[in-house]
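Given next are the chains, with one letter for each unit.
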Amino acid sequence: MTAPLRIGIAGLGTVGAGVVKMLQQNAELITARAGRPVEVTCVSARDKAKKRDVDLSHYQWIDAPEAMASADVDIVVELMGGSEGTARNLVEASLKSGKAVITANKALLAEHGLALAALADAAKVPLMYEAAVAGGIPIIKALREGFAGNNIGAVYGILNGTCNYILTTMRETGRGFDDVLAEAQAKGYAEADPAFDVDGIDAAHKLSILTALAFGVKPAFGKVAIQGIRHITADDMEHARDLGYRIKLLGMARRMKDGAIVQTMEPTLVPQDSPIGAVDGVFNAVFVEGDFVHTSLLVGRGAGEGPTASAVLSDIIDIARGKTAPVYGVPADTLKDAKWGGAADIHSHFYMHLKVIDKTGVLADVAAILRDHNISVEAMIQRGRNPDQPVPIVMTTHETRYSDVLAACEKISGLKLVQAKPTVLRIEQF
Ligand code: NAP
Ligand code: HSE
């Protein structure tokens, strides 16, 4: 029998414990598919005494995770999280010492992916991260291998399970934001700091990784225009439903006609009867447009113990089989600097939700501002009639420039009879 592949696991939380569980439970089939036994030799986390849901008694405990870089292992699996500190130190040290690394850490990759890829190239070792984007969907493999012959025009994604779970559960049950977020945390979906989820940062980290892979450009998390979901209300969800849409935290990376790439991560209206509109709960989806494949939609669970462990195991088995590739599909030093475009230039349909005082003339004032910004209204609904009291007005626009809509909303916010800054959401037709 071939010598076992020795694994060190740093981080034994939701994902780390899931990986240990899967290795133990599916040992026989993993050995067969890897062509050799896969053995955990050492583990590490913050608190050795913590009660965990897995049997760790056969593994050496390492107090300082960084020490795993010089331990007797073939692969270091980093499942602690965080873009700096221990996780970054361990990954860098492991690559430098010639060890293969697997990580689920999208924050680390979004912030330092290019430098880590260069380290991996220099050391000629794999740095694998299937678990870092879209949980159980093999999207890294799909972009790096499955769609490798295509010119990719755009990638869209529902990339945060926590946000999709919150938006879905609020819509279906009417429960409050905080209550549903707490449930997502209890299920192991959320980041250690859930602000990363609900403010769109985690999903933007993932999108920046997909952009680099899809377009062969240097990753640029700083070029993602990000909006989270905190400002989305139950009323917005109801209005969207009445108009035939659902609200999703949707990422988009698209190459525009002038060659610039635009990256956005923002709550977006999508048709409720479209395949992507039906992606609910903790599920993620990635929609890819390629010149030969045309369109492809991949759907699967985006967070939680099982789907994430499944992705880590696919990397372990790939390494065992010797089936690895450069981090972004090409050597790091051949990635191009992209020309980045801004969201302001996007042309789209938009949803606008205004709260106005129900008085004669308010609509004429709003309409005048829209006209002055070249914005044509497609549909408008005024909810209820309540003279001199606040009422919601919901509009959708014909295709128009994002910057014009934002400028118009600034002006509308200043009207005396308008109570708050309008909510503006892009509408994406699939
Ligand atoms: P978690 O449940 O909070 O677990 C983190 C683990 O890392 C814990 O075992 C913790 O030790 C250990 N740890 C953290 N900082 C450490 C340090 N400085 N030194 C030693 N150990 C440290 O997190 P998770 O949900 O498993 O996520 C882990 C990674 O996977 C993150 O990068 C996350 O973004 C990513 N990810 C998570 C999911 C998901 O669904 N949860 C999905 C995809 C990717 P203690 O247990 O002793 O506190
Ligand atoms: N917090 C992340 C999410 C975990 O909810 O999608 C999976 O990356």
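A quick note: this is a predicted structure, and the numbers were derived from the prediction, not measured.

(A) The arrangement of the domain arrangement of the protein chain in detail. Under the domain assignment, the protein chain is made up of domain 1 (5-132), domain 2 (139-301 + 335-343) and domain 3 (347-427). For domain 2 versus domain 3, the distance between C-alpha centres works out to 26 Å. Taken residue by residue, the interface counts 18 residues in domain 2 and 12 residues in domain 3. Approximately 1,400 Å² of surface area, both sides summed, lies buried where domain 2 meets domain 3, with 59% of it carried by carbon and sulfur atoms. Broken down residue by residue, the surface that domain 2 buries against domain 3 is led by His 239, Leu 243 and Leu 269, which jointly contribute 37%. One can count 1 salt bridge joining domain 2 with domain 3.

(B) The arrangement of the site of ligand 1 in detail. Near ligand 1 lie 24 residues; those nearest to it are Leu 12, Asp 47, Arg 52, Glu 191 and Gly 304. Contact distances for ligand 1 include 2.8 Å between an oxygen atom and a backbone N or O atom of Asp 47. Measuring from an oxygen atom of ligand 1, one finds a backbone N or O atom of Gly 304 at 2.7 Å. Isolated, ligand 1 exposes 890 Å² of accessible area, and the fraction of that covered by the protein chains is 85%. Structurally, ligand 1 is housed in the largest pocket. Its residues assigned to classes, the shell around ligand 1 shows 9 nonpolar, 9 polar and 6 charged.

(C) Just the side chain of Glu 266, in detail. Tracing the backbone shows Glu 266 in strand 10 (residues 261-271). A relative accessible area of 5% means that Glu 266 is categorised as buried. Dropping the residues within four chain positions of it, Glu 266 is found in contact with Gln 227, Lys 248, Leu 249, Leu 250, Tyr 402 and Arg 426.

Basis of the calculations
- Residues numbered from 1 in each chain as written.
- Chains lettered and ligands numbered in written order.
- Predicted model: local features only at pLDDT ≥ 70, side-chain atom pairs only at ≥ 80, totals over all residues.
- Heavy atoms only, no water.
- Domains from an automatic or database assignment.
- Contact = heavy atoms within 4.5 Å.
- Buried area = accessible area lost by both parts, 1.4 Å probe.
- Salt bridge = Lys/Arg side-chain N within 4 Å of Asp/Glu carboxyl O.
- Near = heavy atom within 4 Å.
- Polar contact = N/O pair within 3.5 Å; in protein donor to acceptor, adjacent residues only side chain to side chain.
- Areas by Shrake-Rupley, 256 points an atom, 1.4 Å probe, with all protein chains shown as cover.
- 1 Å grid on protein atoms, 1.4 Å probe; cavity = no way out; pocket = protein on both sides within 12 Å on 5 of 7 lines; lining within 4 Å.
- Sits in = over half its atoms within 2 Å of the grid points.
- Nonpolar A, V, L, I, M, F, W, Y, C, P; charged D, E, K, R; others polar.
- Helix = DSSP H or I, 4+ residues; strand = E, 2+ residues; numbered from the N terminus.
- Buried < 20%, exposed > 50% of the residue type's maximum accessible area, 1.4 Å probe, protein only.

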